[in-house]
Structure formats: C-alpha cells, structure tokens
Amino acid sequence: MLTPNTPLPALVSEAKDELQSRFGVSASIVAAAPGRVNLIGEHIDYCDGFVLPFAIERAVVIAAVPNGTNEARIATAFDSEGAVIPTGTTQEISTPKWSNYLRGVIHGFQQRGISIPGFDAFIVSSLPGGAGLSSSAALECAAATLLEELTGTELGSREKALLAQKAEHDFAEVPCGIMDQFASTFGKEDQLILIDCRSGESEMVPFADPALTILVSNTKVSHELSDGGYAERRKNTEDGLAATGKSSWRDVTMTDVEAARTGMDQTIFRRSRHVVGEIDRTIGAVEALKRGDFPELGRLMYESHNSLRDDFEVSCPELDHLVATAAEIGRQGGVIGARMTGGGFGGSTVTLCDAEKAEAIAAALVKSYEAEFGFAPEIFASRPADGARLLTLSSPQVDIVRML
Ligand code: GLA
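Residues numbered from 1 in each chain as written. Predicted model: local features only at pLDDT ≥ 70, side-chain atom pairs only at ≥ 80, totals over all residues. Heavy atoms only, no water.

Enquirer: How should the overall build of the chain be read in this particular structure?
Expert: Each helix and strand counted, the chain has eleven helices and 14 strands in total. The C-alpha radius of gyration of the chain comes to 21 Å, within 12% of the 22 Å expected for a compact globule of 404 residues. Structurally, the chain occupies a C-alpha span of about 65 × 50 × 40 Å along its principal axes. Put simply, the chain has 404 residues, and 58% of those count as buried. Put simply, of all contacts in the chain between residues at least 6 apart along the chain, 71% involve residues at least 24 apart. Accessible area of the chain: about 15,400 Å², with a carbon and sulfur share of 49%. (Helix = DSSP H or I, 4+ residues; strand = E, 2+ residues; numbered from the N terminus. Rg over C-alpha atoms; globule rule 2.2 N^0.38 Å. Buried < 20%, exposed > 50% of the residue type's maximum accessible area, 1.4 Å probe, protein only. Contact = heavy atoms within 4.5 Å. Areas by Shrake-Rupley, 256 points an atom, 1.4 Å probe, with all protein chains shown as cover.)

Here's what the structure looks like:
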C-alpha cells in the first residue's frame, strides 16, 4: 500500500537521458531540490510564527547544459509542450503555468545584476503537483541551484529561499510565507527545521530515531492556492492582528484575542484564535519531541488539525477522514499523531507513526478512504532528507558534491 519513493539516482539518470534524447546534448550540471511536509505550525509562517517542516525524500531534478544562445529551452516529464524562456531580456508572466516559477527565478538573478546564459534543460519530479507538498518551491529552488552553478554565483540557502519566495509571489501570484522555500533549501537528513518566521532564524531539531517515520497521504483532491482561499486567509490574519492593536502576532496572547472579540468579526476572531494557538502548539511540540513525550506531541498534532478545520477552515472532508482514521488506529496500532499539512483545501496529511507498523497503517488508511470516497489516496513514507544541492554527474551512486 506504500508507494515507494523513486531513488534520487534514478531521477538523475532519467533527467540526463531525456536531455540527451530531446536535445542531443550531455548534461554538465544536475541540480535537485526536495518538497516538504510540515509537522506542525500551519498557516502561521506569514504571521511571524514558528513552523516545523522538513524536506522529504521526493524532489525535482534538473539536468542542464549551456547552449550558447539567449534562450532557456526547457523540456519536462510532466508537460510534453515544454517552454522557451528568453534569458537576455526582462522576464514576464507567460505560459505554460509552471514556466513562471523558472521565469521568476531567472528574474531574481537578473535583479541582482547577474546575467543568465541560454541553456537546455530537462526537468523530472517525484513530487505530485497540487498535493500540498511544495512541488513549486522545489522547482524554484532546483532552478535557483542550477543558475547558481551556471552563473558562478553562490547565493547561500537563505538568500536562495528568499529569491524563490519572491518568484512565487511575483510570477505565480501566490502570497506565500517562507516555510516551503526554507525547507527546500535548508533540509537535512534526520532533522526537522524549526523556523522562527519573525527573526528568519532556524534551528535544526533532530529526528533520528529509526523506529519512527512519517506517512504522507495525498488525498488527490486539490484546490490551487492561487484560487484565492490562501490570500483571503492571509488577509484575515492581518485584520485580526490590526484588531488586537499589536504589530506582531508573537506579542499577542489568547487573552488579547478574547479581549478584542466583541469588536471583531467572528470569522476574524476564529482565524486569530488559530494563529495564537498554533504558535503555542508548535513551541509545545518541539519541547515534547525533545523530551520524547509522544502522547503530548500527538495530542498537539490533532489539536492543530482541529483548529485548521474549525477555526481556520482550510481542511476538507478527505483530509478530515484520513486524520480521523489515523486517530482511530491510535497508539495501539502504531500512530502517534496526524494532521493536514501545507496550505490545505485538499492536499496531504502527515501521520507520525512507528516505522514497523507503517505498512499496516497505510493499508488501513487506504481501505477506509476508498470505502468512503470511491478512490484511493497515494501514501508514501518519508524521513527528513537533504535540501537543494548539486549532484555529481559521473558516480552511479550520485555523490553530493556541495551542500548549499
Ligand atoms: C503554503 C505556503 C506556505 C505556508 C503554508 C501553510 O504551503 O506556501 O508559506 O503558509 O501554505 O502553512
């Protein structure tokens, strides 16, 4: 019932072979960047909150070579049309839609005074799109890693994440926070990333116990974040903060929110209650994890889900069903906790569980989901993986030559 993750070397081979067969050239650069899940801390990265994502074992891989022109000629495994992007001029939003992530990243380099040579590239991905796993951030961060090498520039993880986020804002028109791009660039094997979204600082939180794993269950229901629900939630939180009279959510307590309640629209009140509660839950979850208190960690995960469902209203019946089923399986069956992950309105859940019971839990989730909705979710397991990086071209095992 668990879908295996395509190993990185296989993705690299596919990208290189396809580049050769489509363009008749050999790759001189291969860049990879992972997607992410978030263990807890949802919809608060744009509220100065704390978030706890990690990079997953699924990634975007780009094989490329300079072509001596002023055009990026890009072919992909997910769109037979491909795209041609002029690299010598100002970037504009265009089609196909996915090409805008690349246009935005090229724009970011150009804005820093770095000119981009033409190149041929082939892109492959093991990240399902629209699954709330940040396939777009992975594409942006892989492209930025490729362009660093192509132009001899080293941005570093933080600046690369910020450049990628701006590409998403300006070229995909999604006013996202920083979590996805940070997770994709800062990811590290066996580590969760605690990001303080007010200071922009991050701390790695070990997640090295091989007895635990995380199941990612893709509902296969998706509503694009650019549809407006995300931007609306973000605006709600701005209105909520204004009503409290504070300048940062980090200075707002639940008592402040309760005190502002009477003068507030009740929807804004509930959104605000989520933000303040979720910041506390994330801090509590990190403390619980550090002392190995799994019952408490699980409780906070379910509470987070309930708040996203009832107060923030970004869940959906499919996500709720997966979380409820995981809760029914319970600790006896190997489940520690579960919740929706990412922007919501469809997408995926995360289920923290015992590694040895992962198969059985996935089977139970699939069975129950299929009985309810008539189609199966896709479930895979992932432990925290490394972030965006270049890969060597010669070794069959794919050595990491530079951690960015
Ligand atoms: C999307 C955004 C992130 C974050 C999450 C919700 O993934 O891109 O910045 O806001 O939703 O936590």
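Enquirer: Could you clarify how one ought to interpret the state of the cysteines in this entry?
Expert: One covalent bond between the sulfur atoms of two cysteine residues makes up a disulfide. Per the counting criterion, the structure on display carries zero disulfides. Sulfur of Cys197: no disulfide; nearest cysteine sulfur belongs to Cys47 and is 9.3 Å away. (Disulfide = S-S within 2.5 Å.)

Enquirer: So what exactly am I meant to see when it comes to the packing of helix α2 (residues 99-111) against helix α3 (residues 135-151) here?
Expert: The relative placement of two packed helices is expressed as an angle between their axes plus a distance between the axes. Axis separation between α2 and α3 bottoms out at 9 Å; the angle between their running directions is 40 degrees. In this view, α2 runs oblique relative to α3, as classed from their interaxial angle. Remark: the crossing between α2 and α3 carries right-handed chirality. On α3, the residues touching Tyr101, Leu102, Val105, Ile106 and Phe109 of α2 are Ser136, Leu139, Glu140, Ala143, Ala144, Leu147, Glu148 and Thr151. (Axes fitted to C-alpha atoms, helices over the stretch in contact; angles between N-to-C directions. Parallel < 35°, antiparallel > 145°, perpendicular 65-115°, else oblique. Left-handed = near helix turned anticlockwise from the far one by under 90°.)

Enquirer: Would you mind going over unusual backbone geometry with me for this structure?
Expert: For residues other than glycine, phi is negative in most cases, and the peptide bonds are mostly trans. Here the residue pair Thr95 and Pro96 is connected by a cis peptide bond, since its omega of -10 degrees sits within 30 degrees of zero. For Asp190, which is not glycine, the phi torsion reads 65 degrees and is therefore positive. Looking at the element boundaries, Asp190 is found in the loop between α5 (179-186) and β7 (191-196). With a relative accessible area of 23%, Asp190 lands in the partly exposed category.

Enquirer: Looking at this structure, I do not really get the site of the ligand. What am I missing?
Expert: Around the ligand sit 13 residues in total, of which Glu42, His43, Asp45, Asp180 and Tyr230 are the nearest. One of the side-chain nitrogen or oxygen atoms of Glu42 is found 2.6 Å away from an oxygen atom of the ligand. At 2.6 Å, a side-chain N or O of Asp45 approaches an oxygen atom of the ligand. For the ligand, whose unbound accessible area comes to 300 Å², protein coverage reaches 97%. The class makeup of the residues in the shell around the ligand is five nonpolar, four polar and four charged. (Near = heavy atom within 4 Å. Polar contact = N/O pair within 3.5 Å; in protein donor to acceptor, adjacent residues only side chain to side chain. Nonpolar A, V, L, I, M, F, W, Y, C, P; charged D, E, K, R; others polar.)

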